[in-house]
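Topology and contacts: notes
In case you want the letters, here they are:
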Amino acid sequence: MSLVLAVYGKGGIGKSTTSANISAALALKGAKVLQIGCDPKHDSTFPITGKLQKTVIEALEEVDFHHEELSPEDIVETGFAGIDGLEAGGPPAGSGCGGYVVGESVTLLQEMGLYDKYDVILFDVLGDVVCGGFSAPLNYADYAVIIATNDFDSIFAANRLCMAIQQKSVRYKVQLAGIVANRVDYTKGGGTNMLDQFAEQVGTRLLAKVPYHELIRKSRFAGKTLFAMDPNEPELAECLAPYNEIADQILSEKPIASVPKPIGDREIFDIVGGWQ
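The rules we used
- What you see as residue numbers is a count from 1 along each chain, following the sequence as written.
- It should be noted that, the model being predicted, local features are given only for residues of pLDDT at least 70 and side-chain atom pairs only at 80 or more, the latter also being counted only at that level, while totals for whole chains, interfaces and linings use all residues.
- To obtain the side-chain values, all non-hydrogen atoms of the structure were included, while hydrogens and water were left out.
- Numbered from the N terminus, helices here are DSSP runs of H or I no shorter than four residues, and strands are runs of E no shorter than two.
- The globule rule used here is 2.2 Å times the number of residues to the 0.38 power, and the radius of gyration it is set against is calculated over C-alpha atoms.
- Classification of residues uses two cut-offs on accessible area relative to the type maximum, computed with a 1.4 Å probe and protein chains only: under 20% is buried, over 50% is exposed, and between them is partly exposed.
- Following DSSP output, two strands are said to pair if at least two bridges run between them.
- Helix axes are fitted to C-alpha atoms over the stretch in contact, other axes to C-alpha atoms as well, and angles between N-to-C directions run from 0 to 180 degrees.
- We call a crossing left-handed when the near helix sits turned anticlockwise from the far one by less than a right angle, and right-handed when that turn is clockwise.
- Whether two residues are in contact is decided by their heavy atoms, any of which lying within 4.5 Å being enough.
- Three classes are used, and their members are as follows: Ala, Val, Leu, Ile, Met, Phe, Trp, Tyr, Cys and Pro are nonpolar, Asp, Glu, Lys and Arg are charged, and the others, Gly among them, are polar.
- Arc definition: it is the arc formed by the directions from the helix axis to the C-beta atoms.
- Using protein atoms alone on a 1 Å grid, points that fit a 1.4 Å probe yet trap it form a cavity, whereas open point sets bounded by protein on both sides within 12 Å along at least five of seven lines form a pocket; residues with an atom within 4 Å of a point count as lining.
- Grid points are joined across faces, edges and corners, and a volume is the space filled by probe spheres set on the points.
- Residues belong to a common nonpolar core when they are buried Ala, Val, Leu, Ile, Met, Phe, Trp, Tyr or Cys residues joined through side-chain atoms within 4.5 Å.

This part is about the overall build of the protein. In terms of helices and strands, the protein carries ten helices and eight strands. Relative to the 2.2 N^0.38 estimate, which gives 19 Å for 276 residues, the radius of gyration of the protein is 18 Å and therefore close to what a compact globule would have. Based on the C-alpha atoms only, the size of the protein along its principal axes is roughly 60 × 45 × 40 Å. In the protein, which comprises 276 residues, the share counted as buried stands at 55%.

The buried fraction of strand β2 (residues 33-38) amounts to six of the six residues, a majority that puts the element mostly inside the structure. Because side chains alternate across β2, one face comprises the buried residues Val-33, Gln-35 and Gly-37, and the other comprises Leu-34, Ile-36 and Cys-38, equally buried. Bridging between β2 and strand β5 (residues 120-125) involves six bridges; their strand directions are parallel. Of the residues in β5, the one forming a bridge with Cys-38 is Val-125. Relative to strand β4 (residues 84-87), β2 is paired through four bridges, and the arrangement is parallel. Its bridge partner lying in β4, Gly-37 is registered against Glu-87.

Let us look at the packing of helix α1 (residues 15-28) against helix α9 (residues 236-251). The N-to-C vectors of α1 and α9 enclose an angle of 65°; their axes lie 8 Å apart at closest approach. Relative to α9, α1 is oriented so that their crossing is right-handed. Residues Thr-18, Asn-21, Ile-22, Ala-25 and Leu-26 of α1 pack against Tyr-243, Asn-244, Ile-246, Ala-247, Ile-250 and Leu-251 of α9. In terms of residue class, the contact of α1 with α9 is built from eight nonpolar, three polar and no charged.

Taken together, the buried positions of helix α8 (residues 214-221) are occupied by Leu-215, Ile-216, Ser-219 and Arg-220. Around the axis of α8, the buried residues are gathered within 140° of arc, so they sit on the same side.

Considering only enclosed or pocket space, the largest pocket measures out at about 570 Å³ in volume. In terms of lining, the largest pocket is formed by 27 residues, of which the most central are Gly-12, Ile-13, Gly-14, Thr-17 and Arg-183. Those elements that provide at least two residues to the lining of the largest pocket are α1, β5, β7 (175-184) and α8. Here the lining of the largest pocket takes five residues from α8, the largest share from any one element.

Judged by nonpolar contacts, the single largest core of 53 residues is most densely connected at Ile-75, Phe-123 and Phe-198. When residues of this core are assigned to their parent elements, the largest contribution, six residues, is made by helix α6 (residues 152-168). The next biggest cluster of nonpolar side chains, apart from the first, holds 36 residues, and it includes Leu-3, Val-33, Ile-216 and Tyr-243.

What follows is about empty space enclosed by the protein. One simple way to see leftover space: roll a probe sized like a water molecule over the atoms. Summed over the entire model, instances satisfying the criterion amount to one cavity of 30 Å³ or more. Roughly 40 Å³ of internal volume is contained in the largest cavity. Leu-5, Tyr-143, Ala-177, Arg-205, Leu-207, Gln-249, Ile-250, Pro-255 and Ile-256 together form the lining of the largest cavity. Partitioning the lining of the largest cavity into residue classes produces seven nonpolar, one polar and one charged.

Right, let's get into the side chain of Asn-159. The topology assignment puts Asn-159 in helix α6. The contact partners of Asn-159, leaving out residues within four places of it in the chain, are Phe-198, Val-202, Pro-262, Ile-263 and Ile-268.

On their own, these measurements won't tell you what the molecule is for.
So, in structure tokens, the structure goes:
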């Protein structure tokens, strides 16, 4: 049975880049991985496949939503390190529900006999608006992972995500594996002080600290994971290390996880104010 991860975080925080590099690290450690993009931009798998692949919604529209007329090749693309990518897509703007799209994607995978053929399935989920629709991947997930930076907006979104995980854990098995601190820049007096305090208060931990580095942005625009970049790139090893660290924790016999205990909005202000 597949281990299912749901990756969340504030919009623009670097979820897709982080997700693709986690997938790459997992695959290079021997796991068979499927990454599912849950964003209408359908660019989650771009660093893995090097292209904007057809979405599940587009494929279903082509066959007038007759599931039986689709084959795995219509919705799944194989890319770097043998990782399979699927883009759920999304409903037209202002109509429909993201949860329906996620559900249709999972249904198709199950009908095709693919859903349980992976070691890890990773959902890369849209933004920080945790409505019932885009919280749907939490229904399937063993673990949620939150991507965050050391600032108020990101921590506020992370706390909202903790609320969703806590609520879903009442009916489903999902727990929070931890927070990935992204774009950590110590050179400008930054760090993870606020994230460290927030993680402690909600009862979780920082899974890893991804550095703020031009090479990570460069790889994204090149349509590659960091693992596919020129091995002679300066400081590549430093950039790869946190993704390998996350993969090792996910693939461990029993990853550390918990049901988070979200805090109040004013408590978040206290965290931010206490470090200014």
